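Spelled out, the chains give:
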Amino acid sequence: MARIAHLSDVHFGRIAHDAVVDAIVRDVNTGRPDLVVVSGDLTQRALPRQYEAARTFLSRFDAPVLVVPGNHDVYAWWRPVGRLVDPLRRYREYITEDLAPTWRQPGLSVFGLNSAFGFTVKGGRVSARDRRAMGTFFEASPAGDLRVLVVHHHLARVEALGPHDVARNARATLAAAVEARVDLVLCGHLHISHIEPIEIVPAAHRLVIASAGTATSSRGRRHHRGSNFYNVVDVEPERFRIVERLFSHEISGFRDEVESVFERN
Ligand SMILES: [Fe+2]
Ligand SMILES: [Fe+2]
C-alpha cells in the first residue's frame, strides 16, 4: 500500500491565516505519506520572499516532495522580460531545477508535468516534449502500478466545477495520458476541492481527476470560498481511495470531509 498527500495552490503571499500552515504540515506528517505532491501555485506573485516561505514549507515535510509549478509561479506581468526569457527562473532557483519530476515505488508511478509558461493565458499549456517524456516514463512502469499524473491546470472540463479554463493542448495531453493508461490526475488551479471519474469512451479507459482546493490560501472559490483542503490518496492492490481533508477552525486542524473509493482499472 502507498499513500500520497496531495496539496495544491499554497499561494505564499495570500496565506489564509497562520494556523493553517502549521496545521497542514502537522496533519500531513502525522499521516506518514510515502510522497507529498504539490500541484503548483506555491506563491502569489513569484516574489523572492514568497519563494523563500514556500521552500521552508516544503522542507518541513518528512516525506519526499514532488512539485510542479503553477501560473502564479512565473514572473508576474510587471516583469515582462523575465516572463518571456526565463519565466520559471525563480522557481528553479528556490524550489527545483527538475521540471519533469518523477517518483516510483512498488505499486506506484508518478509523473509531474509542467503547464506553467510565461506568455500563456492563465489556463496554461503543455509542451509536446513533456507529453512525450510522460509517455516514455509510464511505458517503463510495471503493469500493476497505479499511474498518477501531477499537473497544475485542468486537462478536461468538469461540469461540477462550473465554467473553467483547460490547458492549451489539453485534448492532446489527455489523449497522451489515456494512451499511457494514467489512472489518476492530481491537479489544482481552480481552488475548489472536487474528485470526479471521467470515462474516455473510445479508449474504454477511466481516469479519475482529483482537483485539490487551495491548501493554505484565502483564495478558495465558489462554494469553497474561505475553505482549505488537501487530499490523501491511499493505493491498495484492488482499489484506491481519496479523502478530501478540510481545515476546521473548531479543532484548528484538518478533518475528513469526503471519501471517494475507486476500483482499480
Ligand atoms: Fe492558484
Ligand atoms: Fe493557478
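Structure report, in brief. Source: prediction; values computed, not measured.

What counts and how
- Each residue is numbered by its place in its chain's sequence as written, counting from 1.
- Here the convention is simple: chains get letters from A, ligands get numbers from 1, in the order in which they are written.
- Totals for whole chains, interfaces and linings use every residue, but because this is a predicted model, local features are given only for residues with pLDDT of at least 70 and side-chain atom pairs only at 80 or more, for both listing and counting.
- Helix numbers and strand numbers start at the N terminus; a helix is a DSSP run of H or I with at least 4 residues, a strand a run of E with at least 2.
- Two things to know: the radius of gyration comes from C-alpha atoms, and the globule rule equals 2.2 Å times the number of residues to the power 0.38.
- Residue count minus one, scaled by 1.5 Å, sets the expected span of a helix.
- The burial label depends on the number of other C-beta atoms within 10 Å of a residue's C-beta. Counts of 20 or more mean buried, 12 or fewer mean exposed, and intermediate counts mean partly exposed, with C-beta atoms placed from the backbone.
- In this description, one arc is meant: the one made by directions from the helix axis to the C-beta atoms.
- A residue pair is marked as a contact if its C-beta atoms, positioned from the backbone, fall within 7 Å.
- Two strands are counted as paired when DSSP detects at least two bridges linking them.
- Working definition: the nonpolar core is a set of buried Ala, Val, Leu, Ile, Met, Phe, Trp, Tyr and Cys residues, joined through C-beta atoms within 7 Å.
- Comment: axis = line fitted to C-alpha atoms, over the contacting stretch for helices; angle = value between 0 and 180 degrees taken between N-to-C directions.

### Re the overall build of the chain
A tally of regular secondary structure across the chain gives six helices and 12 strands. Relative to the 2.2 N^0.38 estimate, which gives 18 Å for 265 residues, the radius of gyration of the chain is 17 Å and therefore close to what a compact globule would have. Structurally, the chain occupies a C-alpha span of about 45 × 45 × 35 Å along its principal axes.

### Some points on helix α2 (residues 48-59)
Its 12 residues place the ends of α2 16 Å apart at the C-alpha level, agreeing with the 16 Å of an ideal helix rising 1.5 Å per residue. Here α2 has its buried residues at Gln50, Tyr51, Ala54 and Phe57. Here the buried residues of α2 occupy an arc of 120° about the axis, which is enough to place them on one side. Among the exposed residues of α2, those pointing more than 90 degrees away from its buried face are Pro48, Arg49, Thr56 and Ser59. Tucked inside the fold, the buried residues of α2 contact α1 (18-30) and α4 (89-94).

### A word on the pairing of strand β8 (residues 194-200)
Where β8 meets strand β9 (residues 205-211), seven bridges bridge the pair, whose relative direction is antiparallel. Opposite Glu199, over in β9, you have Arg206 as the bridge partner. Two successive antiparallel strands, β8 and β9, enclose a turn made up of four residues, where Ala204 displays a positive phi of approximately 50°.

### Some remarks on the nonpolar core
Ranked by internal contacts, the top residues of the largest apolar core, which has 71 residues, are Leu7, Leu149, Val150, Ala177, Leu184, Val185 and Ala210. Sequence-distant contacts of Leu7, defined by excluding residues within four places in its chain, comprise Ile24, Val36, Val38, Ala212, Ala215 and Tyr230.

### Notes on the environment of Arg90
In this structure, Arg90 sits in helix α4. Looking at Arg90, the number of C-beta atoms within 10 Å reads 21, which means it is buried. With 43 residues separating them in the primary sequence, Arg90 and Leu47 have C-alpha atoms 8.1 Å apart.

### A short note on the sheet that holds strand β10 (residues 229-235)
Across the sheet, which stays open at both edges, the six strands sit in the order β3-β2-β1-β10-β11-β12 with mixed pairing between neighbours. Either end of the sheet is taken by a strand with one partner, and the two such strands are β3 (65-68) and β12 (253-263). Adjacent strand axes in the sheet meet at a mean angle of 20° when their direction is disregarded. Pairing of strand β1 (residues 2-7) with β10 involves five bridges; the strand directions are antiparallel.

### Brief notes about α1
Taking 1.5 Å per residue as the helical rise, α1 with its 13 residues ought to reach 18 Å, and the 19 Å between its terminal C-alpha atoms agrees with that figure. By the burial criterion, the buried members of α1 are Val20, Val21, Ile24 and Val28. Considered in projection along α1, the buried side chains sweep an arc of 100° and stay on one side of the axis. Relative to its buried face, α1 has exposed residues pointing more than 90 degrees away, namely Asp18 and Thr30. Packing partners of the buried residues in α1 comprise β1, β2 (35-39), α2, β10, β11 (239-248) and β12.

### Side note on the pairing of β9
Burial runs high along β9: five of the seven residues are buried. Relative to β9, strand β7 (residues 184-187) runs parallel, the two sharing four bridges. Opposite Leu186, over in β9, you have Ala210 as the bridge partner.

### Brief notes about the environment of Arg171
The residue Arg171 is located in helix α6 (residues 170-179) in this model. Classification of Arg171 by C-beta neighbours within 10 Å gives exposed; the count is 12. C-alpha of Arg171 to C-alpha of Ile15: the two residues are 156 residues apart in sequence and 33 Å apart in space.

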